[in-house]
Amino acid sequence: LGKHTITFIHNGDYLKTNNAYSLWLARDFIKDDNDGFIVMNSDLIFQPAMLHALLSAPISDGIVVEKNVNPDSDMVKITMDGNRICYMNKKIPHDSAHAEAVGPVKFSATGGRKFMEHIEKDITNGNKTNWFFYTISDYAQNNPFFGFTNPGFLWAEVDTSEDLELARKIIPKNFK
């Protein structure tokens, strides 16, 4: 892609695993990276400026969050202490949530190594079915992980054709 090389890693066991395991399959590409890494779910459409804002944010490890919790949303809800993530789960009642997990997610080199070690412990213990956001929730219990409040950038999660139609109404065709 331009001057960048992209490596596609296929999780042939996806039906029996989940996206934390898919990330773990990329471990050899990120374990020695001194810059850290970013995780973006492919069902998230967002203004590129959102990613730039996260990368510039004064947090080393964190996720873009939306403070306006939508009671009808199926997004992962978050409880926080200040801007530190305490717990993430879809089952948190919307009136108890401080935010919703949007993404993208950034990890520093140190935080990324610790996070990958956390995933590896799960894999070694036979658990390949953890969902990425729930793995972050577990990780955040013992490691600093922060929410970066979306400063107003447009975004949409697209899981269904109805979601796509809504995203087309929310997000202009040529947004930046």
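Remember, it's a predicted structure, so these values are computed and weren't measured experimentally. (Residues numbered from 1 in each chain as written. Predicted model: local features only at pLDDT ≥ 70, side-chain atom pairs only at ≥ 80, totals over all residues. Heavy atoms only, no water.)

The next thing to look at is the confidence of the model for the protein chain. Mean pLDDT for the protein chain: 92, with 98% of residues reaching 70 or above. Least confident of the elements in the protein chain is helix α2 (residues 27-30), whose mean pLDDT is 88; most confident is strand β7 (residues 146-149), at 98. (pLDDT = per-residue confidence, 0-100. Helix = DSSP H or I, 4+ residues; strand = E, 2+ residues; numbered from the N terminus.)

Throughout the structure, instances matching the rule amount to three salt bridges. For Lys90, the salt bridge goes to Asp74, with nearest N and O atoms at 3.8 Å. Here Lys90, found in the loop between β5 (84-89) and β6 (99-107), pairs with Asp74, found in the loop between β3 (62-66) and β4 (77-81); they are 16 residues apart in sequence, far enough to count as distant. Overall, the relative accessible area of 42% leaves Asp74 in the partly exposed class. A salt bridge links Arg168 to Glu165, with the shortest nitrogen-to-oxygen separation between them at 3.0 Å. Remark: Glu165 and Arg168 occur in helix α6 (residues 161-170); sequence separation between them is three residues, near one turn of the helix. A relative accessible area of 54% places Arg168 in the exposed class. (Salt bridge = Lys/Arg side-chain N within 4 Å of Asp/Glu carboxyl O. Buried < 20%, exposed > 50% of the residue type's maximum accessible area, 1.4 Å probe, protein only.)

Take unusual backbone geometry next. Here the residue pair Gly103 and Pro104 is connected by a cis peptide bond, since its omega of 0 degrees sits within 30 degrees of zero. Its place among the elements puts Pro104 in strand β6.

Before going further, it helps to spend a moment on the pairing of β3. Within β3, five of the five residues are buried, leaving the element largely enclosed by the surrounding structure. Direction of pairing for β3 relative to β7: parallel, over a ladder of four bridges. Residue pairing for β7: Gly62 is matched across the bridge by Phe146. (Pairing = 2+ DSSP bridges.)

Turning to the packing of helix α4 (residues 109-124) against helix α5 (residues 132-140), a few remarks are in order. Contact pair α4 / α5: the axes reach a minimum separation of 10 Å and the direction vectors enclose 105 degrees. Classified by the angle between their axes, α4 and α5 sit roughly perpendicular to one another. Where α4 abuts α5, its residues Gly111, Lys114, Phe115, His118, Ile119 and Asp122 lie against Phe132, Thr135, Ile136, Asp138 and Tyr139. (Axes fitted to C-alpha atoms, helices over the stretch in contact; angles between N-to-C directions. Parallel < 35°, antiparallel > 145°, perpendicular 65-115°, else oblique. Contact = heavy atoms within 4.5 Å.)

Turning our eyes to something else, we now look at the packing of aromatic side chains. All told, the structure shown has eleven aromatic pairs when counted by the stated rule. Aromatic side chains Phe107 and Tyr139 sit 6.5 Å apart centroid to centroid with 75 degrees between the ring planes, which places their arrangement in the edge-to-face category. Note that Phe107 is positioned in strand β6 and Tyr139 in helix α5, a separation of 32 residues in sequence. Like Phe107, the residue Tyr139 is buried in the burial classification. Here Phe115 and Tyr139 contribute two aromatic rings whose centre-to-centre distance is 5.2 Å and whose plane-to-plane angle is 90 degrees, an arrangement assigned as edge-to-face. Pair noted here: Phe115 is in helix α4 and Tyr139 is in helix α5, with a separation of 24 residues, a long-range link. (Phe/Tyr/Trp six-rings, centres within 6.5 Å; stacked < 30°, edge-to-face > 60°.)

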